[in-house]
Amino acid sequence: FLAMMQKAVMDLQYDEVFIGTPEERAGKLVADDPKAVNKMLHIGTNILQNLPGDNYLPKDFVSLSSHLQNFTIRRSIILLSTRQWRDEIDKALTDEDRNFFEERLEMEVDKLKKLNADQMEFERHDDVVKNAEPA
């Protein structure tokens, strides 16, 4: 309701009204430059798209130098959490509780798989960089 009131009072409109659609801009020879997008990532808002329960940052936001030393720490946190969920499964009084805890355990296992894949990718990248011939 408040959004409708604000839109009516402030006369808000879509961006296309002001700058046109991508097709209209291309027709006026002021099309979006795909190369410019990568040059201007530091400008504007960057929305991180993580899934619920996923506490990883995208690769672009993680320093490679600190990445390797964090694998062990992150793995130990996941394993501790896994152990706690297993204890909760053993203590569960109802099937509903047990199912809930088992779902959480599966999420932790998925996190561990992702962490292992990230570490393998990091090590492959690190090997490529070390073995690259100087330009």
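In this text the structure is predicted, and so the values were computed from the model without any measurement.

Undergrad: Could you give me a rundown of the overall build of the chain, with the residues and numbers involved?
TA: Helices and strands together make up the secondary structure of the chain, namely 6 helices and 0 strands. In the chain, the succession of α and β elements from N to C terminus is α-α-α-α-α-α. Of all intrachain contacts in the chain linking residues separated by at least 6 positions in sequence, the fraction that spans at least 24 positions is 56%. When the accessible area of the chain is evaluated, it comes to approximately 11,700 Å², of which 58% is carbon and sulfur surface.

Undergrad: Go over the packing of aromatic side chains, please, and point to the residues and values.
TA: Given two aromatic rings, one states the distance between the centres and the angle between the planes to describe the pair. Summed over the entire model, instances satisfying the criterion amount to 4 aromatic pairs. Seen in terms of ring centroids, Trp85 and Phe100 are 6.4 Å apart; in terms of plane orientation they differ by 80 degrees. Their pairing is edge-to-face. Remark: Phe100 occurs in helix 6 (residues 95-131) and Trp85 occurs in helix 5 (residues 64-91); sequence separation between them is 15 residues. Owing to a relative accessible area of 36%, Phe100 belongs among the partly exposed residues under this scheme. When the ring of Phe100 is compared with that of Phe101, the centres are 5.5 Å apart and the planes differ by 70 degrees; the resulting orientation is edge-to-face. Phe101 gets classed as buried once you look at its relative accessible area, which sits at 14%.

Undergrad: Break down a negative patch on the surface for me, citing the residues and quoting the values.
TA: On the surface, a cluster of negative charge is contributed by Asp15, Glu16, Glu23 and Glu24. Secondary-structure elements contributing two or more residues to the negative patch are helix 2 (15-19) and helix 3 (22-27). You can see Glu24 is positioned in helix 3.

Undergrad: Quick one: what's the story with the pattern of salt bridges, residue by residue and with numbers?
TA: The full count for this structure, using the stated rule, is 4 salt bridges. Note that Asp118 is salt-bridged to Arg74, the shortest N-O span being 3.9 Å. Within this pair, whereas Asp118 is found in helix 6, its partner Arg74 is found in helix 5, the two being separated by 44 residues in sequence. The same class applies to Asp118 as to Arg74, namely buried. Between Lys114 and Asp118 there is a salt bridge whose closest N-O contact spans 3.5 Å. Placement of both Lys114 and Asp118 in helix 6 is noted, with a separation of 4 residues, approximately one turn of the helix.

Undergrad: Any chance you could break down helix 1 (residues 2-10) for me, citing the residues and the numbers?
TA: The element helix 1 is largely exposed, with a buried count of 0 among its 9 residues. Once helix 1 ends, the next one or two residues include Asp11, with phi positive near 55 degrees.

Conventions used here
Residues numbered from 1 in each chain as written. Predicted model: local features only at pLDDT ≥ 70, side-chain atom pairs only at ≥ 80, totals over all residues. Heavy atoms only, no water. Helix = DSSP H or I, 4+ residues; strand = E, 2+ residues; numbered from the N terminus. Contact = heavy atoms within 4.5 Å. Areas by Shrake-Rupley, 256 points an atom, 1.4 Å probe, with all protein chains shown as cover. Phe/Tyr/Trp six-rings, centres within 6.5 Å; stacked < 30°, edge-to-face > 60°. Buried < 20%, exposed > 50% of the residue type's maximum accessible area, 1.4 Å probe, protein only. Patch = residues over 30% accessible without salt bridge, like charges linked within 9 Å, V, L, I, M, F, W, Y side chains within 5 Å. Salt bridge = Lys/Arg side-chain N within 4 Å of Asp/Glu carboxyl O. Lys, Arg positive; Asp, Glu negative; His and termini not counted. Charge placed at Lys NZ, Arg CZ, Asp CG, Glu CD.

Keep in mind these values describe shape, not function.
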